Amino acid sequence: MKKVMRRLLTAMLCAGVMTVGINSEAAVQEGNTMQSAEKRIDRQINVEKLNLTEEWDKVFAKSDAVNHKKVTFVNRYGITLAADVYIPKNANGKMPALAVSGPFGAVKEQSSGLYAQEMAKRGYLTIAFDPSFTGESGGSPRYVASPDINTEDFSAAVDFLSTQDNVDANRIGIIGICGWGGMALNAASMDTRIKATVASTMYDMTRVSANGYFDYEKDAATLAKERYANRQALNNQRTEDYKNGFYKNAGGVPDVLPEDAPWFVKDYFAYYKTKRGYHPRSLNSNGGWNVTSGLSLMTMPILQYSDEIQSAVMVLHGEKAHSRYFGEDAFKKLKGDNKELVIIPGASHVDLYDNLEKIPFDRLAEFFKKNLG
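Residues numbered from 1 in each chain as written. Predicted model: local features only at pLDDT ≥ 70, side-chain atom pairs only at ≥ 80, totals over all residues. Heavy atoms only, no water.

Caption draft 1: Examining the overall build of the chain more closely. Scanning the chain for helices and strands turns up 11 helices and eight strands. Rg of the C-alpha trace for the chain: 23 Å, near the compact-globule value of 21 Å for 373 residues, within the 12% margin. Counting only C-alpha atoms, the chain reaches 70 × 55 × 45 Å along its principal axes. Looking at the chain as a whole, 50% of its 373 residues are labelled buried. (Helix = DSSP H or I, 4+ residues; strand = E, 2+ residues; numbered from the N terminus. Rg over C-alpha atoms; globule rule 2.2 N^0.38 Å. Buried < 20%, exposed > 50% of the residue type's maximum accessible area, 1.4 Å probe, protein only.)

This is the structure:
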């Protein structure tokens, strides 16, 4: 009897909400004084004017095979994102397109821009974008990460590409590198417009934020205890931040490597702290993320519905990457015969940032050609 009553009340509530909406609209049409306060301007998509650098300030050389320009677009949370567009020279008609982002804490002038330029050389219109709150993109306060907003950033890039005259809206793919590899898979599980996805040298940032590195070496009780202690520390930091009037940053890759630094931290140092990959707008090259960003990453895990991705996916990882287990575990959850796991012999995690001898760009081009047409 109680279940029947609950269903009845739920149905009445839903019907009432719908009726209120209909009656309210009718009242507005009839000039009734009980008008809604809603205005279309409240829902308008507004592009913020960003201060974009026009000079070529990438960590990689400019290719003569592509044209380049800067653009902006807006995500569903009203944040304006900055992007570099790469278009093959002599291109005409509607092209397949790719949106690229990552690594976690990097900017479009680093690895994602290299991927975008290389894929443009292979016939794709590409954009490399700075995620919300980072690089040249908008969003305040700065240096915030969010599993929801950063997944949305990919879909916002698809919004932009879908509305371009020279893009075939039915042939759009995405590439996520490092932490944005996980976000790319999450976006693919949400956004059915994405027809093919590459997750390169991927991290699941929600998993590593919650459990730390190599969580498979620990038991569940230990992980739970560590998570609680981490949450306590981060929430205490929230109090301090509010008291101080600004948000503390966690710090990027260290300026001086400790002698006992893990080998993969040495790899990060060799990229972010040297001429090879340093960029003044890169969080990893400088002050790092807002400390309390970890709270949402810890408690809102991505990839919950990755087993429902129907579009094509390639998970690309280095044989010697410390992060390889993220990619392999993510791949195990995927379903369908249009999914593939590619392990690059001898490659480390950072090799797949910029090592042109290790990153299989031609294979990526074949994958997208097969799945985007």
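After that view, the rundown keeps rolling.
Caption draft 2: Structural context of the nonpolar core. Counting residues in hydrophobic clusters, the biggest one holds 92 residues, and the most contacted among them are Ile175 and Phe368. Of all the elements, helix α3 (residues 147–162) adds the most residues to this core, at seven residues. (Core = buried A, V, L, I, M, F, W, Y, C linked by side-chain atoms within 4.5 Å.)

Caption draft 3: Looking closely at the packing of aromatic side chains. In total, this model carries 26 aromatic pairs according to the counting rule given. Pairing Phe214 with Phe264 gives two aromatic rings, centres 6.3 Å apart and planes at 75 degrees, and the pair type is edge-to-face. With a gap of 50 residues between them, Phe214 in the loop between α5 (205–211) and α6 (220–244) and Phe264 in helix α7 (residues 263–272) connect regions that are remote in the sequence. Given the relative accessible area of 8%, Phe264 is considered buried. Between Phe214 and Tyr325, the aromatic rings sit 5.8 Å apart at their centres with planes inclined by 40 degrees, giving tilted as the arrangement. (Phe/Tyr/Trp six-rings, centres within 6.5 Å; stacked < 30°, edge-to-face > 60°.)

Caption draft 4: Layout of the pattern of salt bridges. Applying the stated criterion across every chain yields a total of 25 salt bridges. Glu340 serves as the salt-bridge partner of Arg363, at 3.7 Å between the closest nitrogen and oxygen. On the criterion of sequence distance, the pair formed by Arg363 in helix α11 (residues 361–372) and Glu340 in strand β8 (residues 339–344) is long-range, its members being 23 residues apart. For Arg363, a relative accessible area of 41% puts it in the partly exposed group. Among the ionic contacts, a cluster of salt bridges with common partners joins Asp57, Lys58, Lys70, Asp84, Lys108, Glu109, Asp130, Glu136 and Arg281. (Salt bridge = Lys/Arg side-chain N within 4 Å of Asp/Glu carboxyl O.)

Caption draft 5: Expanded view of the side chain of Ser101. Residue placement: Ser101 occurs in strand β3 (residues 95–101). Accessibility expressed as a relative area gives 0% for Ser101, which makes it buried.

Caption draft 6: Structural view of the environment of Glu109. The topology assignment puts Glu109 in the loop between β3 and α2 (111–121). With 115 residues separating them in the primary sequence, Glu109 and Ala224 have C-alpha atoms 38 Å apart. In this structure the side chain of Glu109 is engaged in a polar contact, spanning 3.1 Å, whose partner is the side chain of Arg281. (Polar contact = N/O pair within 3.5 Å; in protein donor to acceptor, adjacent residues only side chain to side chain.)

Caption draft 7: Structural context of unusual backbone geometry. Following Gly102, the chain continues to Pro103 via a peptide bond in cis, the omega torsion being -5 degrees. Position of Pro103 among the secondary structure elements: in the loop between β3 and α2. In this structure, Pro141 follows Ser140 across a cis peptide bond, with omega equal to 5 degrees. Here Pro141 lies in the loop between β4 (125–129) and α3. Even without being glycine, Phe133 reaches a positive phi, approximately 70 degrees. Under the relative-accessibility criterion, Phe133 is labelled buried at 8%.

Caption draft 8: Broad picture of the side chain of Ser63. Inspection of the secondary structure assignment puts Ser63 in the loop between α1 (2–29) and β1 (66–74). By relative accessible area, Ser63 is classed as buried at 12%. For Ser63, the side chain forms a polar contact with the main-chain nitrogen of Ala65, separated by 3.0 Å. Dropping the residues within four chain positions of it, Ser63 is found in contact with Gln117 and Lys121. (Contact = heavy atoms within 4.5 Å.)

Caption draft 9: Expanded view of the packing of α2 against α11. At their nearest, the axes of α2 and α11 sit 10 Å apart, and the two run at 65 degrees to each other. The orientation of α2 relative to α11 falls into the category roughly perpendicular. Once α2 is placed against α11, the crossing between them reads as right-handed. Judged by residue contacts, Tyr115, Glu118 and Met119 of α2 engage Phe361, Leu364, Ala365 and Phe368 from α11. Within the contact of α2 with α11, the residues separate by chemical class into six nonpolar, no polar and one charged. (Axes fitted to C-alpha atoms, helices over the stretch in contact; angles between N-to-C directions. Parallel < 35°, antiparallel > 145°, perpendicular 65-115°, else oblique. Left-handed = near helix turned anticlockwise from the far one by under 90°. Nonpolar A, V, L, I, M, F, W, Y, C, P; charged D, E, K, R; others polar.)

Caption draft 10: Structural context of the sheet that holds β1. Strand order in the open sheet made by the eight strands is β1-β2-β4-β3-β5-β6-β7-β8, with mixed pairing throughout. Edge positions in the sheet fall to β1 and β8, since each of these pairs with one other strand and no more. Ignoring which end each strand starts from, the neighbouring axes of this sheet average 20 degrees apart. Two strands pair when backbone bridges link them, and strand β2 (residues 80–88) and β4 are joined in this way by four bridges, in the antiparallel orientation. (Pairing = 2+ DSSP bridges.)

Caption draft 11: Fine view of the environment of Ala97. Summarising the element assignment, Ala97 is placed in strand β3. When its relative accessible area of 0% is taken as the criterion, Ala97 is described as buried. For the pair Ala97 and Ala330, spaced 233 residues apart in sequence, the C-alpha separation works out to 25 Å.

Caption draft 12: Structural view of the pairing of β3. With seven of seven residues buried, β3 lies mostly within the body of the structure. With six bridges connecting them, β3 and strand β5 (residues 167–177) associate as parallel partners. In the strand pairing of β5, Met95 is matched with Val167. Bridge count between β3 and β4: four bridges; the pairing is parallel. Each residue of the ladder has a partner; that of Ala97, found in β4, is Leu125.

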